[in-house]
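Okay, here's what each chain looks like letter by letter:
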Amino acid sequence: GDSVTQMEGPVTLSEEAFLTINCTYTATGYPSLFWYVQYPGEGLQLLLKATKADDKGSNKGFEATYRKETTSFHLEKGSVQVSDSAVYFCALSGQGAQKLVFGQGTRLTINP
Amino acid sequence: GAVVSQHPSRVICKSGTSVKIECRSLDFQATTMFWYRQFPKQSLMLMATSNEGSKATYEQGVEKDKFLINHASLTLSTLTVTSAHPEDSSFYICSARGLAGRGGTDTQYFGPGTRLTVL
């Protein structure tokens, strides 16, 4: 079945550092790919998405590119802030499927 | 953008009582709503999928008689935890997916979650 694998956390960085959170997936066909962010005590917020190969999703300085050849959707940000501290979830929605399949989540802590 | 609310945000109840959690899509019609459960420091576990006007589809291992789901309208779904016990304590999150062009057909928008504590 479909699955998503994220790099294990926790990840701790200093403010203004470069961020990469790796995400790879297994799915048949052409899934849609998502990054969600969860701040402490809150639900998930959609951060960005891409629906076809080579699409780049971007929002709030975060970017991720849908790479079909490597089945990846790595999340990047050039300069992180303390306010980016949260848990980040990579997810996919299989072609024609209703369900989201989530990765295990990566906890990110940014120190000032 | 697409906004989903949940009520209550936090509830504490005694063992054996039932608790109802509401999930509303505020600015779009949600043809499908999802209910998730999240344990501390873990990912989300899909409990069930509900389409407006039809019975919910439960994931394997989720007791449908314990977790009653009703999706009576295009903007409201409810989850009722019946005869709650301490092991039901968790963070319950709903999400909603809308019609084409409003909320999108492939994107789920999440509510802020409800923390249930059963004493």
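Conventions we followed
Residues numbered from 1 in each chain as written. Chains lettered and ligands numbered in written order. Predicted model: local features only at pLDDT ≥ 70, side-chain atom pairs only at ≥ 80, totals over all residues. Heavy atoms only, no water. Helix = DSSP H or I, 4+ residues; strand = E, 2+ residues; numbered from the N terminus. Buried < 20%, exposed > 50% of the residue type's maximum accessible area, 1.4 Å probe, protein only. Contact = heavy atoms within 4.5 Å. Areas by Shrake-Rupley, 256 points an atom, 1.4 Å probe, with all protein chains shown as cover. Lys, Arg positive; Asp, Glu negative; His and termini not counted. Charge placed at Lys NZ, Arg CZ, Asp CG, Glu CD. Buried area = accessible area lost by both parts, 1.4 Å probe. Salt bridge = Lys/Arg side-chain N within 4 Å of Asp/Glu carboxyl O. Polar contact = N/O pair within 3.5 Å; in protein donor to acceptor, adjacent residues only side chain to side chain. Phe/Tyr/Trp six-rings, centres within 6.5 Å; stacked < 30°, edge-to-face > 60°. Lys NZ or Arg CZ within 6 Å of the ring centre and 35° of its normal. Pairing = 2+ DSSP bridges. Disulfide = S-S within 2.5 Å.

Peer 1: Describe the overall build of chain A, and please don't skip the residues or the numbers.
Peer 2: In terms of helices and strands, chain A carries zero helices and 12 strands. Element order for chain A, N to C, with α for helix and β for strand: β-β-β-β-β-β-β-β-β-β-β-β. Dimensions of chain A along its principal axes, counting C-alpha atoms only, are 40 × 30 × 20 Å. The proportion of buried residues among the 112 residues of chain A is 44%. Counted over contacts in chain A with a minimum sequence separation of 6, partners at least 24 positions apart contribute 56%. When the accessible surface of chain A is totalled, it reaches about 5,200 Å², and 47% of it is carbon and sulfur. Computed over 9 positive and 11 negative side-chain charges, the separation of the two mean positions in chain A equals 7 Å.

Peer 1: How would you summarise the interface of chain A and chain B if you had to cite specific residues and measurements?
Peer 2: Contacts between chain A and chain B engage 21 residues on the former and 23 residues on the latter. Between chain A and chain B, roughly 1,500 Å² of surface is buried when both sides are summed, and carbon and sulfur atoms account for 49% of that area. Contact with chain B buries surface across chain A, with Leu 44, Gln 98 and Lys 99 of chain A losing the most and accounting together for 33% of the total. Counting across the interface, chain A meets chain B through one salt bridge. With its nearest N and O atoms 3.1 Å apart, the salt bridge here joins Lys 99 of chain A to Glu 59 of chain B. For the pair chain A and chain B, the number of links is five residue pairs in polar contact (both at pLDDT 80 or more).

Peer 1: Go over the packing of aromatic side chains, please, and point to the residues and values.
Peer 2: Applying the stated criterion to the full structure yields 11 aromatic pairs over all chains. Among the aromatic residues, those joined into a cluster by ring pairs are Phe 34, Tyr 36, Phe 89 and Phe 102 of chain A together with Tyr 36 and Phe 110 of chain B. Residue placement shows Lys 68 of chain A over the ring face of Tyr 30 of chain A; its charged tip is 4.3 Å from the ring centre.

Peer 1: Give a detailed account of the pairing of strand 4 (residues 30-38) of chain B, specifying residues and quantitative values.
Peer 2: All names here are of chain B. Within strand 4, eight of the nine residues are buried, which leaves it mostly tucked inside the rest of the structure. As paired elements, strand 4 and strand 9 (residues 90-98) share eight bridges and run antiparallel to each other. Of the residues in strand 9, the one forming a bridge with Gln 38 is Phe 91. Relative to strand 5 (residues 44-51), strand 4 runs antiparallel, the two being bridged by seven bridges. In the strand pairing of strand 5, Phe 34 is matched with Thr 49. The turn linking strand 4 back onto strand 5 is made up of five residues, and Lys 41 within it adopts a positive phi angle of 60°.

Peer 1: Lay out the state of the cysteines in plain terms, naming residues and giving numbers.
Peer 2: Tallied over the full model, the rule gives two disulfides over all chains. Each sulfur in the disulfide pair Cys 23 of chain A and Cys 90 of chain A lies 1.9 Å from the other. Note on the Cys 23 of chain A and Cys 90 of chain A pair: the S-S dihedral is about -70°, so by sign convention the disulfide is left-handed. One end of the pair, Cys 23 of chain A, is in strand 4 (residues 23-26); the other, Cys 90 of chain A, is in strand 10 (residues 86-93), with 67 residues separating them in the sequence. A single burial state applies to Cys 23 of chain A and to Cys 90 of chain A, both of which are buried. The disulfide partner of Cys 23 of chain B is Cys 94 of chain B, and the gap between their sulfur atoms is 2.0 Å. Taking the sign of the torsion about the S-S bond as the criterion, the disulfide between Cys 23 of chain B and Cys 94 of chain B, at about 80°, is right-handed. Of this pair, Cys 23 of chain B sits in strand 3 (residues 19-25) while Cys 94 of chain B sits in strand 9, placing them 71 residues apart in sequence. As far as burial versus exposure is concerned, Cys 23 of chain B and Cys 94 of chain B are alike and both buried. Cysteine Cys 13 of chain B is unpaired, with the sulfur of Cys 94 of chain B as its nearest cysteine sulfur at 18 Å. Of the residues examined, Cys 13 of chain B reaches a relative accessible area of 10% and is grouped as buried.

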